[in-house]
Amino acid sequence: MSKKKAPVQLPLGIILRDDARFENFVSGDNGLARAELERAAQGHGEQYIYLWGHAGVGCSHLLQSCCHAADPVRRTAVYLPLAELSHAGPEILDDLDQLQLVCIDNLERVAGYPEWEEALFHLFNRMRAAGHVLILAADRSPRSLGLKLPDLESRLNWGLVFQIRPLDDETKEIALKARAGARGLQLGDEVVRYLMHHGSRDMANLLVTLDKLDRASLSAQRRITVPFVKQVMGW
């Protein structure tokens, strides 16, 4: 009789953002990537997908969206941001193949470290053998990671590789309004243009600004207007 594996001990303190879902991801030129990720998360698509793109384009949002999408169809899933967990050591990858969906973010943080590369290589093989889904994300393509283990670089180029492209300004404005609307906020065109021209145009930073304005608006019981943005942001 084979010995039953112990349950996977998931890392503490890693909580999915509730708003990181496919429904509020404005795809722009990334529609195909989003569609393939959603299928994979629900167990109907590719077994392995690799995403890459610079900070703020939405890779982390998409990985967390996959985990949210797995829940209604009762697929076990985990999101591992290596920017927060690399200190834990490669042992954190042990037995993750027991889960049906594993999403690993910030792969560039461990590239070049032999023990991490070997652990990732073996996890890739175990996930594939189990028929489970592995989704990885980094800030650069597999060939640009500077990996020291050729077999791992070869594995990372299997399956689907998507570059997640930034949104243009018009699409960012649509995304900002949609995110505000989901929170019950109304952002007028004048406010959106002011945010775009006086703050960072990076989508991640725009959403951080929206969070700050949302909290300030709730506290002050005031609408978000250009004068209110100036007061809160100090612009």
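The structure reproduced in this document is the subject of the present report. (Residues numbered from 1 in each chain as written. Predicted model: local features only at pLDDT ≥ 70, side-chain atom pairs only at ≥ 80, totals over all residues. Heavy atoms only, no water.)

1. Section: a negative patch on the surface
Taken together, E91, D94, D95 and E115 make up a surface patch of like negative charges. Structurally, E91 is set in the loop between α3 (82-85) and β3 (101-105). (Patch = residues over 30% accessible without salt bridge, like charges linked within 9 Å, V, L, I, M, F, W, Y side chains within 5 Å. Areas by Shrake-Rupley, 256 points an atom, 1.4 Å probe, with all protein chains shown as cover. Salt bridge = Lys/Arg side-chain N within 4 Å of Asp/Glu carboxyl O. Lys, Arg positive; Asp, Glu negative; His and termini not counted. Charge placed at Lys NZ, Arg CZ, Asp CG, Glu CD. Helix = DSSP H or I, 4+ residues; strand = E, 2+ residues; numbered from the N terminus.)

2. Remarks on the side chain of S65
Relative to the assigned elements, S65 resides in helix α2 (residues 59-70). For S65, a relative accessible area of 1% translates into the label buried. In terms of polar contacts, S65 uses its side chain to reach the backbone amide nitrogen of F22, at 3.3 Å. Ignoring sequence-local partners within four residues, the contact set of S65 consists of A20, R21 and F22. (Buried < 20%, exposed > 50% of the residue type's maximum accessible area, 1.4 Å probe, protein only. Polar contact = N/O pair within 3.5 Å; in protein donor to acceptor, adjacent residues only side chain to side chain. Contact = heavy atoms within 4.5 Å.)

3. Describing the nonpolar core
L93, I104, L107, L134 and L156 are the most contacted members of the largest nonpolar core, which has 29 residues in total. Counting only elements with at least two residues in this core, the list comes to β1 (48-52), β2 (77-81), α3, β3, α4 (114-130), β4 (133-138) and α5 (150-156). In terms of residue count, α4 provides more of this core than any other element does, seven residues in total. Those residues in contact with L156 that lie beyond four places of it in its chain are Y48, Y50, L107, L136, P142, L145, L147 and V161. Within the second largest apolar cluster, 24 residues are counted, among which are A41, C67, A70 and L101. (Core = buried A, V, L, I, M, F, W, Y, C linked by side-chain atoms within 4.5 Å.)

4. With respect to the pairing of β1
Within β1, four of the five residues are buried, leaving the element largely enclosed by the surrounding structure. Taken together, the five bridges between β1 and β4 define a ladder with parallel strand orientation. Residue I49 lies in a different strand from β4, and its bridge partner there is I135. Two elements, β1 and strand β5 (residues 160-163), share four bridges in a ladder whose sense is parallel. Bridging across to β5, W52 finds its partner in Q163. (Pairing = 2+ DSSP bridges.)

5. Notes on the pattern of salt bridges
A complete count under the given rule lists eleven salt bridges for this structure. Ionic pairing is found between R17 and D19, a salt bridge with its closest N-O pair at 3.1 Å. Using a relative accessible area of 22% as the deciding quantity, one classes D19 as partly exposed. Its salt-bridge partner being D211, residue R183 comes within 2.2 Å of it at the nearest N-O pair. Linking R183 in the loop between α6 (169-182) and α7 (189-198) with D211 in helix α8 (residues 203-220), this pair joins segments that are 28 residues apart in sequence. A network of salt bridges, in which partner residues are shared, links R17, D19, R179, R183, D211 and D214.

6. Describing the sheet that holds β2
With parallel pairing, the five strands of this open sheet are ordered in space as β2-β3-β4-β1-β5. Looking at strand neighbours, the two that pair on one side only are β2 and β5, the edges of this open sheet. Ignoring strand direction, the axes of neighbouring strands in this sheet form an average angle of 15 degrees. Strands in contact with α2 are β1, β2, β3 and β4; relative to β3, the strand with the most contacts, it is inclined by about 165 degrees. (Axes fitted to C-alpha atoms, helices over the stretch in contact; angles between N-to-C directions.)

Without other data, these values stay purely geometric and don't point to any function.
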